[in-house]
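Overview (structure and organization)
Listed here are the chains, written in short residue letters.
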Amino acid sequence: MLRIAVPNKGSLSGPAAEMLHEAGYQQRRESKELRIVDPENEVEFFYLRPRDIAIYVSSGRLDIGITGRDLLIDSGANAEEILPLGFARSTFRFATKPGTATGVEDLVGMTVATSYEGIVAKHLADQGIDASVVHLDGAVETAIELGVAEVIADVVETGTSLRNAGLEVFGEPIMKSEAIVVRRTGADTEEAKVQQFLRRLQGVLVARTYVMMDYDCRVEQLEKAVALTPGLESPTVSPLHNEGWVAVRAMVPAKEAQRIMDDLYAIGARAILTTAIHACRL
Ligand SMILES: Nc1ncnc2c1ncn2[C@@H]1O[C@H](COP(=O)(O)OP(=O)(O)OP(=O)(O)O)[C@@H](O)[C@H]1O
Ligand SMILES: O=P(O)(O)OC[C@H]1O[C@H](OP(=O)(O)OP(=O)(O)O)[C@H](O)[C@@H]1O
Ligand SMILES: [Mg+2]
C-alpha cells in the first residue's frame with residue numbers, strides 16, 4: 001500500500017485535499033481524522049503538519065508527501081521535490097518599515113524575525129551577512145511594532161498582511177514557493193504505484209490548465225490553423241462531408257483559448273468550440 005503524507009492544516013490543506021479528490025482518491029470526511037485508508041486505490045493517507053511532512057518522508061516511513069517548497073528547504077530534511085503542483089504559490093521576502101533597509105547588505109547587526117529560520121539563516125550565511133535570526137511561530141508582521149526585530153522574512157502572496165502592518169518588501173525575493181510532491185532523496189519512485197499516483201496528479205494539472213478546442217476549417221487554411229493549435233502531440237484532423245473542409249481537435253492552454261478562437265476565426269475557421277477536460281492521462 002502506498003503511504004502518502006498530506007497537510008492537515010493551513011493554506012496547503014484544502015487545495016491538496018481537493019486535488020487528491022479530483023484525482024479519484026478518497027479523502028477524510030472530517031478534520032480530526034489523522035489517517036485514512038483508500039482500499040480501492042491501495043493508498044493510505046496520513047494527515048500531518050505541513051512543516052513535518054518532509055521530515056516524515058525523509059525517514060523513509062512514508063513514500064511521498066505533499067508540502068510547500070519553502071517548508072521542504074526550511075526543514076533541511078533529506079527529501080527532494082518530484083512534482084510541482086501549482087497551488088499555494090508565494091514568494092519569500094524580507095520586509096521592514098520604510099527607511100530601515102534597502103538591501104540584504106543593510107542587515108548587518110540587525111535582528112530578523114521569521115517562522116522559516118532555516119531558509120533565512122542559510123540565505124544570510126550565503127551572502128556573508130552577520131545578522132541575528134529570531135524564530136516566531138507566525139504573525140511575524142507584528143514583531144517589528146513590538147520591538148522583537150528590525151526586519152522580518154515571511155511568505156508574501158498578495159502583500160495585504162505587510163501593507164496592514166505598514167511594512168514594505170526590500171531586496172531580491174529569497175525564493176519562490178508552491179505546493180510540491182516530495183520523496184526521500186534518491187528514493188526509488190519508479191515503482192508502478194508511485195508512478196500511477198504521479199500520473200493522476202499530472203492529469204489533474206493538465207485538466208486544470210488546458211481545454212479541448214474543436215473547429216472546422218478549409219483545407220487551404222489547415223496549416224495556418226494547426227500552427228495556432230499545435231496540441232500536445234499533434235491535432236486530430238478528420239474529413240468533413242462537405243469536400244474541402246476538415247474538422248480539427250486539439251488541446252490548448254485555457255488562458256489562451258479566447259485569443260486562439262479570435263485568431264482561428266480571423267483565418268476563416270468556423271464552429272469553434274471549447275470544452276472542459278475533466279481528467280486526463282498524457
Ligand atoms: N497567504 C498565502 N498564500 C499562498 N501560500 C501561502 C500563504 N501562506 C502560506 N502559504 C504557503 O503555505 C505553506 C505553509 O503552510 P502552513 O500550513 O505552515 O502555513 P499557513 O497557511 O501559514 O498555516 P498556519 O499559519 O496555520 O501554520 C508554505 O508553503 C507557504 O508558502
Ligand atoms: O501576502 P498575503 O496575501 O497577505 O499572505 C501572506 C500571509 O499569509 C501567511 O500568514 P497566515 O495567515 O498563514 O498567518 P501566520 O503568519 O500566522 O502563518 C503568511 O505568513 C503571511 O503573513
Ligand atoms: Mg502561516
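Residues numbered from 1 in each chain as written. Chains lettered and ligands numbered in written order. Predicted model: local features only at pLDDT ≥ 70, side-chain atom pairs only at ≥ 80, totals over all residues.

The name given to the protein chain in an unreviewed UniProt entry is ATP phosphoribosyltransferase, and the organism recorded there is Streptomyces gibsoniae. Under the UniProt heading Catalytic activity (unreviewed entry), the note attached to the protein chain is "1-(5-phospho-beta-D-ribosyl)-ATP + diphosphate = 5-phospho-alpha-D-ribose 1-diphosphate + ATP". Per UniProt, the protein chain has the following entry under Pathway (unreviewed entry): "Amino-acid biosynthesis; L-histidine biosynthesis; L-histidine from 5-phospho-alpha-D-ribose 1-diphosphate: step 1/9." (UniProt positions renumbered as here; feature names shortened; annotations may be inferred.)

1. Description of the site of ligand 1
Close contacts around ligand 1 come from 15 residues, with Gly10, Ser11, Gly68, Ser90 and Glu157 the closest. In terms of residue count, the dominant contributor to the shell around ligand 1 is helix α1 (residues 10-22) (3 residues). Here the residues of the shell around ligand 1 sort into 5 nonpolar, 6 polar and 4 charged. When residues of the shell around ligand 1 are sorted by domain, at least three fall in each of domain 1 (2-86 + 178-189) and domain 2 (90-176). (Near = placed C-beta within 6 Å. Helix = DSSP H or I, 4+ residues; strand = E, 2+ residues; numbered from the N terminus. Nonpolar A, V, L, I, M, F, W, Y, C, P; charged D, E, K, R; others polar. Domains from an automatic or database assignment.)

2. Remarks on the site of ligand 2
In the vicinity of ligand 2, the contacting residues are Gly138, Ala139, Glu141, Asp154, Val155, Val156, Glu157, Thr158, Gly159, Thr160 and Ser161. If you list the elements that add at least two residues to the shell around ligand 2, you get β9 (151-156) and α5 (160-164). With 3 residues, the single largest contributor to the shell around ligand 2 is β9.

3. Quick notes on the domain arrangement of the protein chain
Partitioning the protein chain into domains gives domain 1 (2-86 + 178-189), domain 2 (90-176) and domain 3 (210-276). Placing the centre of domain 1 and that of domain 2 at their C-alpha centroids yields a distance of 28 Å. Taken residue by residue, the interface counts 5 residues in domain 1 and 6 residues in domain 2. Its residues assigned to classes, the side of domain 1 that touches domain 2 comprises 1 nonpolar, 2 polar and 2 charged. (Contact = placed C-beta atoms within 7 Å.)

4. Concerning the sheet that holds strand β13 (residues 236-239)
Spatial ordering of the open sheet is given by β13-β14-β12-β15, a layout of 4 strands whose pairing is antiparallel. Two strands lie at the open edges of the sheet, namely β13 and β15 (270-276), each paired on one side alone. Here the average twist between neighbouring strands, direction ignored, is 20°. Bridging between strand β12 (residues 210-218) and β15 involves 5 bridges; their strand directions are antiparallel. Along β15, the bridge assignment pairs Met213 with Thr274. (Pairing = 2+ DSSP bridges. Axes fitted to C-alpha atoms, helices over the stretch in contact; angles between N-to-C directions.)

5. Comments concerning the nonpolar core
If you look at the biggest cluster of nonpolar residues, it comprises 55 residues, and the most contacted ones within it are Ala5, Val6, Ala54, Val57, Val112 and Ile152. No fewer than three residues from each of domain 1 (2-86 + 178-189) and domain 2 (90-176) sit in this core. Ignoring any residue separated from it by four or fewer positions in sequence, one finds Ala5 in contact with Phe46, Leu48, Ile53, Tyr56, Val57, Leu62, Gly65 and Ile66. Of all hydrophobic cores here, the second largest spans 13 residues; its members include Tyr210, Tyr215, Leu264 and Ala269. (Core = buried A, V, L, I, M, F, W, Y, C linked by C-beta atoms within 7 Å. Buried ≥ 20, exposed ≤ 12 C-beta atoms within 10 Å, placed from the backbone.)

6. Quick look at the sheet that holds strand β10 (residues 168-177)
Adjacent strands of a sheet pair through backbone hydrogen bonds, lying either parallel or antiparallel. Taken together, the 5 strands give an open sheet; going across it, the order is β8-β7-β9-β6-β10, and neighbouring strands pair in mixed fashion. Taken across any chain shown, the strands that pair with only one partner, and hence form the sheet edges, are β8 (132-135) and β10. For this sheet, the mean inter-axis angle between neighbouring strands, taken without regard to orientation, is 25°. Sheet topology places strand β7 (residues 111-114) next to β8; 4 bridges connect them, and they run parallel. Note that in β8 the partner of Ala113 across the bridge is Val134. Contacts from helix α4 (residues 117-126) reach β6 (90-96), β7, β8, β9 and β10 within the one sheet, and its direction differs from that of β8 by about 175°.

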